[in-house]
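# Tertiary structure, described
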Amino acid sequence: MADSQSDVRSQIAALLPRLRRFGRTLVHSREDADDLVQMAVEKALTRTDQWTPGTRLDSWMFRIMQTTWIDELRTRQRRGQTFVPEEEGEHVGIDPGPARLDAIAVRKAVACLGDDQRLVVGLVLVEGLSYQEAADVLGIPVGTLTSRLARARDALQGMLGDPRA
């Protein structure tokens, strides 16, 4: 539990790998994900007094990232800017092994999901948040989260092939 501002700062720093991973769940390019993490961390560091000690810092940070990304998308729409996914040229010249190919296939399949499904997959399956914690981060009922996750799993199995078949 963080009692001082420096404790909160060090805990936020410890969350950076998870924040970056969640950023890649929200955003389709590394550069945008890194920018998103930076914006969210800046917001969090200027508002550490708004975090309630005794609550999950990671959930608070994920919520900040989600709202920051929504704000960024709205800003881009107003400016008429778009971002270009880099997946086409990301792995040119690399001879990936089977595990790397599977990871790439999963990442591409997750990227094909709708925003709502991609977010629940990122929070529950990748970040390991409980259903209740993920629902709180997204501001939705647990039942809605559960149905989105079930549809996302079905969609991923359809795209990747059902391993149980």
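All values derive from a computational prediction rather than experimental measurement.

### Regarding the nonpolar core
- The biggest cluster of nonpolar side chains holds 39 residues, and the ones touching the most others in it are Leu19, Leu26, Leu57, Met61, Met65, Leu123 and Leu145.
- Secondary-structure elements contributing two or more residues to this core are α1 (5–14), α2 (16–26), α3 (30–46), α4 (57–79), α5 (98–112), α6 (115–126), α7 (131–138) and α8 (142–160).
- Broken down by element, the residue count for this core peaks at 7 residues, all from α4.
- When sequence neighbours within four positions are dropped, the list of residues in contact with Leu19 reads Ile12, Val37, Val41, Met61, Phe62 and Met65.

### Comments concerning α6
- Residues of α6 that are buried: Gln117, Arg118, Leu119, Val120, Val121, Gly122, Leu123 and Val124.
- Within two residues after α6, Gly128 carries a phi angle of roughly 80°, on the positive side.

### Structural notes on the confidence of the model for the protein
- Put simply, the protein has an average pLDDT of 82, and 81% of its residues get 70 or more.
- Averaged over each element, pLDDT in the protein is lowest for α5 (74) and highest for α7 (92).

Quick notes on the rules
Residues numbered from 1 in each chain as written. Predicted model: local features only at pLDDT ≥ 70, side-chain atom pairs only at ≥ 80, totals over all residues. Heavy atoms only, no water. Core = buried A, V, L, I, M, F, W, Y, C linked by side-chain atoms within 4.5 Å. Buried < 20%, exposed > 50% of the residue type's maximum accessible area, 1.4 Å probe, protein only. Helix = DSSP H or I, 4+ residues; strand = E, 2+ residues; numbered from the N terminus. Contact = heavy atoms within 4.5 Å. pLDDT = per-residue confidence, 0-100.

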